[in-house]
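# Geometric and topological summary
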Amino acid sequence: MVCLDTADRVLLLHWRDPYDGARLWEPPGGGIEPDETPLQAARRELVEETGLDPAAIVDRSVPVERDTWWNGKHHVGPERFFVAHFAHVRPALTRTGLMVDEQASLIGHAWVPWSELDTLTDRLEPPGLLAVLAALVPDGPWRDHPR
């Protein structure tokens, strides 16, 4: 999901792939359990990965085609992306919900200005995150930015 603070900064988690050491930036998210809806999964993953309030996630999503490698496995297919708005500047995160292997792979996080998404030195997943953001929040300040 795409998390935004009051200054329209995007929350990105910085990961190191345990398989090959590659680094990437990615919004919070993850897999759907068999008994979950995509919205329920997004809310659970937000709490697990950040400790942020799951009620901030809006019940509106867009499908995003994913094609990425993680931990030696190729992941291809659609994923639902939601948006969460937070009423604070750079809300603090907690890592208490992460599994042991996730704790070892998570390097850190950053609240990145949307206009700087294309300046990250490590890979951004999904690569078209700005287009995802524009689809989720079409009236945002990024509406006239070329994608």
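Not measured: the values here are computed from a predicted model.

### Points about the side chain of Ser105
You can see Ser105 is positioned in helix H2 (residues 100–105). Once residues lying within four places of it in the same chain are set aside, the contact partners of Ser105 are His14, Trp15, Arg16, Pro18 and Trp70.

### Description of the environment of Trp25
Residue placement: Trp25 occurs in strand E3 (residues 23–26). The class for Trp25 is buried, based on a relative accessible area of 12%. Once you skip the residues sitting within four places of it in the chain, Trp25 turns out to touch Leu12, Leu13, His14, His109, Ala110, Leu120, Asp122, Arg123, Leu124 and Glu125.

### Observations concerning helix H1 (residues 38–50)
If you check H1, its first and last C-alpha atoms are 18 Å apart, about what 13 residues at 1.5 Å a residue would give, namely 18 Å. The complete set of buried residues in H1 reads Leu39, Ala41, Ala42, Arg44, Glu45, Leu46, Glu49 and Thr50. Residues of H1 that are buried in the fold lie against strand E1 (2–4), strand E2 (9–16), strand E4 (57–70), strand E5 (73–85) and H2. Trailing H1 by a residue or two, Gly51 shows a phi angle of about 75 degrees, which is positive.

### A few points about the packing of aromatic side chains
Evaluated as defined, the whole model comprises three aromatic pairs. Ring centres of Phe86 and Trp111 lie 6.4 Å apart, and the angle between their planes is 80 degrees; this geometry places the pair in the edge-to-face category. Within this pair, whereas Phe86 is found in the loop between E5 and H2, its partner Trp111 is found in strand E6 (residues 106–113), the two being separated by 25 residues in sequence. Relative to Trp142, the ring of Trp114 has its centre 5.8 Å away and its plane inclined at 80 degrees; by these criteria the two rings are edge-to-face. Of this pair, Trp114 sits in the loop between E6 and strand E7 (123–124) while Trp142 is found in the segment after helix H3 (129–136), placing the two residues 28 residues apart along the sequence. Relative accessible area serves as the criterion here: at 17%, Trp114 is assigned to the buried category.

### Digging into H3
Of all eight residues in H3, six are buried; the element is thus mostly enclosed. Turning to H3, the residues buried within the fold contact E1, E2, E4, E5 and E7.

### Looking at the pairing of E2
Along E2, seven of the eight residues are buried, which leaves the element largely enclosed by surrounding structure. In this structure, E2 lies alongside E6, joined through seven bridges in antiparallel fashion. Among the inter-strand pairings, Trp15 is bridged to a residue of E6, identified as Leu106. Two strands pair when backbone bridges link them, and E2 and E3 are joined in this way by four bridges, in the antiparallel orientation. What sits directly across from Arg16, in E3, is Arg23. Between E2 and E3, which pair antiparallel and follow one another directly, the connecting turn spans six residues, one of which, Gly21, has a positive phi of 80 degrees.

How each quantity is defined
- Residues numbered from 1 in each chain as written.
- Predicted model: local features only at pLDDT ≥ 70, side-chain atom pairs only at ≥ 80, totals over all residues.
- Heavy atoms only, no water.
- Helix = DSSP H or I, 4+ residues; strand = E, 2+ residues; numbered from the N terminus.
- Contact = heavy atoms within 4.5 Å.
- Buried < 20%, exposed > 50% of the residue type's maximum accessible area, 1.4 Å probe, protein only.
- Expected span 1.5 Å × (residues − 1).
- Phe/Tyr/Trp six-rings, centres within 6.5 Å; stacked < 30°, edge-to-face > 60°.
- Pairing = 2+ DSSP bridges.

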